[in-house]
Amino acid sequence: MVTILRTRGDRSISSYIDAQRGTISREIYVNPDIFEQEMEQIFQRCWLFLGHESQLPNPGDFVMSRMGTEEVILVRDRKDNQIRAFLNSCRHRGMKVCRYDQGNSLVFTCPFHAWTYDTRGRLVGMGFGNNPDAYNGEVNKEEWGLAQVAQFKNFYGSLWATWDPKAPSFEDYLGPFTESLRHCLQSSDGEDAGLEMFTPFQRHRLPTNWKVPGFTSVTDLTHTAMTHRSAAAAALQEDRGEGRQSPTSPFPQEKYAIGDHNLGHGGMCTLYKRPGVPEYLDEWFEPGVDEYFREARDRKAQKFADRVLPPHGWGAGHFAIFPCVMVDSWRLRWYHPHATGMLERWTLCGVDKTAPKHVKDALRHYAERFNGPVGFFESDDMENWNYVFPASQGARARKEDYFFANGLGRGTYNDQLPGVVFNGSYTEEAQRARFSRWLAFMEAASWDDLYPINKNANHRIW
Amino acid sequence: MTESKKYDLKGQHGAEVFRMLPEGTRVTLLNGAIGEITANAHDGGFILVKFLEHPKDPSKVGEEDYVFFNEVREAES
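Only a predicted model underlies this, so the values are computations on that prediction, with no experimental measurement involved. (Residues numbered from 1 in each chain as written. Chains lettered and ligands numbered in written order. Predicted model: local features only at pLDDT ≥ 70, side-chain atom pairs only at ≥ 80, totals over all residues.)

## Some details on the overall build of chain B
- Within chain B one finds 1 helix and 5 strands.
- Of the regular secondary structure in chain B, the N- to C-terminal order runs α-β-β-β-β-β.
- Here the C-alpha radius of gyration of chain B, 12 Å, is about what a compact globule of 77 residues would show, namely 11 Å.
- Over its C-alpha atoms, taken along the principal directions, chain B stretches across nearly 35 × 30 × 20 Å.
- In chain B, once contacts between residues fewer than 6 apart in sequence are set aside, the share between residues at least 24 apart is 36%. (Helix = DSSP H or I, 4+ residues; strand = E, 2+ residues; numbered from the N terminus. Rg over C-alpha atoms; globule rule 2.2 N^0.38 Å. Contact = placed C-beta atoms within 7 Å.)

## Observations regarding the sheet that holds strand β4 (residues 64-68) of chain B
Residues and elements named next belong to chain B.
- Across the sheet, which stays open at both edges, the 5 strands sit in the order β4-β3-β2-β1-β5 with antiparallel pairing between neighbours. The two strands at the open ends of the sheet, each matched to only one other strand, are β4 and β5 (72-76). Strand-to-strand twist in this sheet, taken as the mean axis angle between neighbours without regard to direction, amounts to 40°.
- Bridge count for strand β2 (residues 34-40) against strand β3 (residues 46-53) is 6 bridges, and the pairing is antiparallel. Directly across from Asn40, in β3, lies its bridge partner Ile47. (Pairing = 2+ DSSP bridges. Axes fitted to C-alpha atoms, helices over the stretch in contact; angles between N-to-C directions.)

## Details of the pairing of strand β21 (residues 331-339) of chain A
All names here are of chain A.
- Judged by how many residues are buried, β21 sits mostly within the fold: 7 of 9 residues are covered.
- Two strands pair when backbone bridges link them, and strand β20 (residues 325-328) and β21 are joined in this way by 4 bridges, in the antiparallel orientation. Residue pairing across strands places Asp328 opposite Arg331, the latter belonging to β21.
- What sits between β20 and β21 in their antiparallel hairpin is a turn of 2 residues, with Ser329 showing a positive phi close to 55°.
- Two elements, β21 and strand β22 (residues 342-352), share 8 bridges in a ladder whose sense is antiparallel. Its bridge partner being in β22, Arg333 is matched across the sheet by Thr347. (Buried ≥ 20, exposed ≤ 12 C-beta atoms within 10 Å, placed from the backbone.)

## A few points about the interface of chain B and chain A
- With 9 residues of chain B at the interface, the matching set in chain A holds 10 residues.
- Within the residue set of the side of chain B that touches chain A, elements represented by two or more residues are β3 and β4 of chain B.
- Of the residues belonging to the side of chain B that touches chain A, the class tally is 6 nonpolar, 1 polar and 2 charged. (Nonpolar A, V, L, I, M, F, W, Y, C, P; charged D, E, K, R; others polar.)

## Considerations on unusual backbone geometry
Residue and element names in this part refer to chain A.
- For the peptide bond that leads from Thr199 to Pro200, omega is -5°, which places it in the cis range.
- Counting through the fold element by element, Pro200 comes out in the loop between β15 (195-197) and β16 (202-206).
- Note the cis peptide between Phe322 and Pro323, where omega equals 5°.
- On the secondary structure map, Pro323 appears in the loop between β19 (318-321) and β20.
- Look at Ala114: it is not a glycine, yet its phi comes out positive at around 65°.
- Within the secondary structure layout, Ala114 lies in the loop between β10 (107-109) and β11 (116-118).
- A positive phi angle, close to 50°, is found at Tyr156, a residue other than glycine.
- Positionally, Tyr156 belongs in the loop between β13 (151-155) and β14 (158-162).

## Focus on the sheet that holds strand β4 (residues 23-25) of chain A
All names here are of chain A.
- With respect to topology, 3 strands assemble into an open sheet ordered β3-β4-β23, the strand pairing being antiparallel. Unpaired on one side and paired on the other, β3 (17-18) and β23 (401-403) mark the two borders of the sheet.
- Examined bridge by bridge, β4 and β23 share 3 bridges and lie antiparallel to one another. Its bridge partner lying in β23, Thr23 is registered against Phe403.

## Observations concerning helix α11 (residues 378-388) of chain A
Residue and element names in this part refer to chain A.
- Along α11, the positions that sit buried rather than exposed are Glu378, Asp380, Asp381, Trp385 and Val388. Taken around the axis of α11, the buried residues stretch over an arc of 150°, which confines them to a single face.
- Along its buried surface, α11 packs onto β16, α5 (211-216), α6 (224-227), α7 (229-233) and α10 (357-370). (Arc of directions from axis to C-beta.)

## Concerning the domain arrangement of chain A
All names here are of chain A.
- Domain boundaries in chain A define domain 1 (1-47 + 167-462) and domain 2 (54-153).
- One C-alpha centre belongs to domain 1, the other to domain 2; they are set 33 Å apart.
- Contacts between the two partners involve 11 residues from domain 1 and, on the opposite side, 10 residues from domain 2.
- Among the secondary structure elements, those contributing two or more residues to the side of domain 1 that touches domain 2 are β15 and β21.
- Examining the composition of the side of domain 1 that touches domain 2, we find that 3 residues originate from one element, β21, more than from any other.
- Its residues assigned to classes, the side of domain 1 that touches domain 2 comprises 7 nonpolar, 3 polar and 1 charged. (Domains from an automatic or database assignment.)

## Remarks on helix α12 (residues 429-443) of chain A
- The first and last C-alpha atoms of α12 of chain A sit 21 Å apart over 15 residues, in line with the 21 Å expected at 1.5 Å per residue.
- Of all 15 residues making up α12 of chain A, 14 are buried, and the element is well covered by its neighbours. (Expected span 1.5 Å × (residues − 1).)

## What about the nonpolar core?
Residue and element names in this part refer to chain A.
- Counting residues in hydrophobic clusters, the biggest one holds 131 residues, and the most contacted among them are Leu48, Leu50, Ile73, Leu74, Val325 and Val327.
- For this core, the leading source of residues is α12, giving 8 residues.
- Each of two domains, domain 1 (1-47 + 167-462) and domain 2 (54-153), supplies a minimum of three residues to this core.
- Other than its neighbours up to four places away in sequence, Leu50 contacts Ser65, Val72, Leu74, Ala85, Leu159, Trp160 and Ala161. (Core = buried A, V, L, I, M, F, W, Y, C linked by C-beta atoms within 7 Å.)

Dropping the structure here:
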């Protein structure tokens, strides 16, 4: 049994969650010992999102990304053109070998002792490497390359990695959400890997625990009415034309909150009752944008008449990949933990590679209006996220539990997505699934104990 | 006829000159090897050199290797 030491005395990690009552101890969010254990048990094992291939079009291009609290260099090799990911830490004394957010480089030279690595992460030289009074050419360079991720996956243009060589394949890690992610990375007319991302990453820090937005906003419809009331009153919906047009032949559909307690992924799910691609509804005020998307939707409908697909990538879905990635159609948002009460929140927003300039401009402007500290919608969320932490970490406040029982006991399985629990769209089912998986990772000694490597594992706790 | 140009690699000025040495520059190393710059990292530390002569290890002729600035004796275009 894994125990948390020091701060609150010895206590099993599972005791922080009361699955019968539907509550979670605030210690999980504010205890530094738990945070340290999360970095080891979760962020060293899970598949994590690093970026998108469109950020690195040319040999030698690099982008600084992160895995948990650590910096990772994404770089396209100058020779074989493959993208790889390396820990940004010199093997000699641990200095950062790259201090830029992005660029193009021949090598990464550590400014400390000039240990130097090529774009495949190989040590290719160091200061005084051949000097007979120093290294004398005796360092085995093959042994001292940059630490490389154990597994790397380019999934339809999106880039993922894990430090754990025993982790399952990325597709097995995603399970039934594999196709969901694929849809979100398709162009409007349904072509795979059809996106490019607006660069650079949109980044900002939030003084809160990574799970506050990372687990709560997996799907959380009950927050919208109050949190975003002012934005809604300021006509956010009308900003994208919502309500301007009603479908003439609405697809029969049902909406749910879903959570996979064994995998930790979840979100919003719309089950359409017949195949095909729903008609396109006007959403944009910018001239020519609706016309572009409508034509793309029509091409998609011709190609995929027998399949259930969203009308266009921009509306492909809203779900979350464990532990900290939110996929909101073409917007990918994720939360890098820095400390118990500090995270860095990154966003990449995509658009059809082949879209004309006026469509790309409209999408980019919308993303800027919507997201980030100056976006007038997401800034509402930050107000909540930022105050949750200081209001929960005090000696008195941390003795109270959080309520996670909205819809508890009402979830059911559905043959259309085996293994996934369906519940009312306004319930906290997806959030509970996050914690089922969280607990499994925190208790597991290795991937051998975790689904899907262990096919018999059942991590659902509530 | 183009005259060859020798670069002054000494001192503070020389460090900046080394950082900007263009591709094609011919360099002579302290160990007697001669090569041509095929890429410059522009970090002031390393250049990538294709060896034209290598008295101590002739098998390296034609190969590329990274060379640290303090191994370079001369550079000329």
